[in-house]
Amino acid sequence: MYCCDSFKWAIEKAGERGISIIVHGDEFYYQFRCIAHQQKEEVYQAIQDGEIDFAIKAMPLSRSQQINYCLQCGMKLSKLVKKYPLEYRALSEKHSVYIDTDILENTKQVEIRLTKKATQSFWSRLFQK
Ligand SMILES: [Zn+2]
C-alpha cells in the first residue's frame, strides 16, 4: 500500500519526535514534531507546574505542510488512496490525534514564572528518555 520504503518509513514515524508523514482524510502532510505525541501531557503538566517559560509556551508542537506527491519517489499520493481506500481511512483515523493545536492555545490560562535555566533542564530531561 506504499509507493516506496521511504514513504512507509515516514508514515510509521507519525506521532514521534522528528519528521513523518500524516494522513488526514485523503490528504497527506509532511510533519515536523518537536515533541512526540505521547509526551504532550507531560509538557502541559510542566507548563502548569511553572517548569517551562513563556518562550516555550508559545512554540508549536509541530509544523505540517500538505504534500501531493511522495517526497522520495514522486508518486502522486491520491493514487494510493484510490487503490487502498480502507487502509488509508484507517491511517487517517489513527493519525487524527497528531494534528496539533499549539501549546499556547492549550495553556493560555496558565501563569508562567520560571527562568530559562529551568526550561533547559526540563528539555534535556525530556529528550534523554
Ligand atoms: Zn514514494
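So, here is what we can say about the structure in this document. (Residues numbered from 1 in each chain as written. Predicted model: local features only at pLDDT ≥ 70, side-chain atom pairs only at ≥ 80, totals over all residues.)

## A closer look at the sheet that holds strand S2 (residues 27–33)
At step 1: Ordered in space as S1-S2-S3, the 3 strands form an open sheet in which the pairing is antiparallel. Of all strands in the sheet, those with a lone pairing partner are strand S1 (18–24) and strand S3 (62–67), marking the two edges. When strand polarity is set aside, the average angle formed by the axes of neighbouring strands in this sheet is 30°.
At step 2: Of the strand pairs in this sheet, S2 and S3 are connected by 6 bridges, and their pairing is antiparallel. (Pairing = 2+ DSSP bridges. Helix = DSSP H or I, 4+ residues; strand = E, 2+ residues; numbered from the N terminus. Axes fitted to C-alpha atoms, helices over the stretch in contact; angles between N-to-C directions.)

## Digging into the nonpolar core
At step 1: Core analysis: the largest hydrophobic core is formed by 11 residues, namely Phe7, Ala10, Ile21, Ile22, Val23, Phe28, Leu80, Val81, Tyr88, Leu91 and Tyr98.
At step 2: Elements with a minimum of two residues in this core: helix H1 (5–12), S1, helix H4 (77–83) and helix H5 (85–95).
At step 3: The biggest single contributor to this core is S1, with 3 residues. (Core = buried A, V, L, I, M, F, W, Y, C linked by C-beta atoms within 7 Å. Buried ≥ 20, exposed ≤ 12 C-beta atoms within 10 Å, placed from the backbone.)

## Structural notes on H5
One turn of the α-helix equals 3.6 residues, which is why residues spaced by three or four share an orientation.
At step 1: Along H5, the residues classified as buried are Tyr88, Leu91 and His95. Along the axis of H5, the buried positions cluster into a sector of 55°, meaning they face one direction only. Structural note: H5 exposes Pro85, Leu86, Ala90 and Glu93 on the side pointing more than 90 degrees away from its buried face.
At step 2: Buried residues along H5 sit against H1, S1 and H4. (Arc of directions from axis to C-beta. Contact = placed C-beta atoms within 7 Å.)

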